[in-house]
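# A look at the structure
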Amino acid sequence: MASDRLNLSDLEKKALKLIIEAGEKGLLQQDLWKRLNIDSRDGSRIALRLAKKKLIHRELVTVKGRKTYRLTALVDHIPEEEEEPEEKKEVKYERRVPRAIKLDVKVRMGLVAKIPCTVCPHASKCGPGNFFDPATCPKLNQWLQKAARALERKGAKRATRVQS
Ligand code: SF4
């Protein structure tokens, strides 16, 4: 039932309230429509809708030779209307001011200073897809290989120190 929206009309709520108040003995359908001041057809429709929503039980009974229904509540209170599904709700986003992030990175200035791009005369014309392209630049490639070898040596030294 949780996924079905009940959408109870005011009249259905009134009817359900009367049926709940009638307790275990229930309320005859003919008494319901009289108390709601509606005709038997509307009374029957309301009872059917409440039964379909599993809020009441309809039991066929014979009273003074006439067939009618005894209505008993399956709930002890009128259910709250369910909230609108998430996807139908208007979503409002609040722009948050980004927090300052503190980066704790040690930069070896000696290494940065040796990047060939810092002194390259073509730096202003260099870019991906250009004639001067970092992806194909031999100077930058050489520097990267040198830096990688230096890092490898440093890593190996550290590993040796840990072992001994
Ligand atoms: S990538 Fe090569 S061409 Fe481009 S700025 Fe660096 S050194 Fe100069």
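Residues numbered from 1 in each chain as written. Predicted model: local features only at pLDDT ≥ 70, side-chain atom pairs only at ≥ 80, totals over all residues.

### With respect to the sheet that holds strand 2 (residues 56-63)
- Strands sit in the order 1-3-2 across an open sheet of three strands; the sheet is antiparallel. Looking at which strands have only one partner, the edges of the open sheet turn out to be strand 1 (27-28) and strand 2.
- Inspection of the sheet shows strand 2 paired to strand 3 (residues 66-73) by eight bridges, in the antiparallel sense. Paired with I56 across the two strands is A73, which belongs to strand 3.
- Set on the sheet, helix 1 (residues 10-21) makes contact with strand 1, strand 2 and strand 3; between it and strand 3 the angle comes to about 85°.
- Along the sheet, helix 3 (residues 40-52) makes contact with strand 2 and strand 3, crossing strand 2 at roughly 135°. (Pairing = 2+ DSSP bridges. Helix = DSSP H or I, 4+ residues; strand = E, 2+ residues; numbered from the N terminus. Contact = placed C-beta atoms within 7 Å. Axes fitted to C-alpha atoms, helices over the stretch in contact; angles between N-to-C directions.)

### Here's the deal with the site of the ligand
- What surrounds the ligand is the set P116, C117, C120, H122, A123, C126, F132, P134, C137, K139 and L140.
- Partitioning the shell around the ligand into residue classes produces nine nonpolar, one polar and one charged. (Near = placed C-beta within 6 Å. Nonpolar A, V, L, I, M, F, W, Y, C, P; charged D, E, K, R; others polar.)

### Comments concerning helix 3
- For helix 3, built from 13 residues, the straight-helix expectation of 18 Å at 1.5 Å per residue is met to within 8% by its first-to-last C-alpha distance of 18 Å.
- Buried within helix 3 are the following residues: G43, I46, A47 and L50. Buried residues along helix 3 cover an arc of 95° about the axis, so they all sit on one side. Residues of helix 3 that are exposed and point over 90 degrees away from its buried face: R41 and K52.
- Lining the buried residues of helix 3 we find helix 1, helix 2 (29-35), strand 2 and strand 3.
- Just downstream of helix 3, K54 is the residue with a positive phi angle, here 60°. (Expected span 1.5 Å × (residues − 1). Buried ≥ 20, exposed ≤ 12 C-beta atoms within 10 Å, placed from the backbone. Arc of directions from axis to C-beta.)

### Focus on the pairing of strand 3
- As paired elements, strand 1 and strand 3 share two bridges and run antiparallel to each other. Among the inter-strand pairings, L27 is bridged to a residue of strand 3, identified as L71.
- Between the antiparallel neighbours strand 2 and strand 3 lie two residues, among them K64 with a positive phi of about 50°.

### Topic: helix 1
- Its 12 residues give helix 1 an end-to-end C-alpha distance of 16 Å, which sits within 8% of 16 Å, the value for a rise of 1.5 Å per residue.
- Along helix 1, the positions that sit buried rather than exposed are A15, L16 and I19. Burial along helix 1 is one-sided: seen end-on, the buried residues are contained in an arc of 100°. Seen from the open side of helix 1, the exposed residues pointing more than 90 degrees away from its buried face are D10 and E21.
- Residues of helix 1 that are buried in the fold lie against strand 1, helix 2, helix 3, strand 2 and strand 3.
- One or two steps after helix 1, the chain reaches G23, where phi turns positive at roughly 70°.

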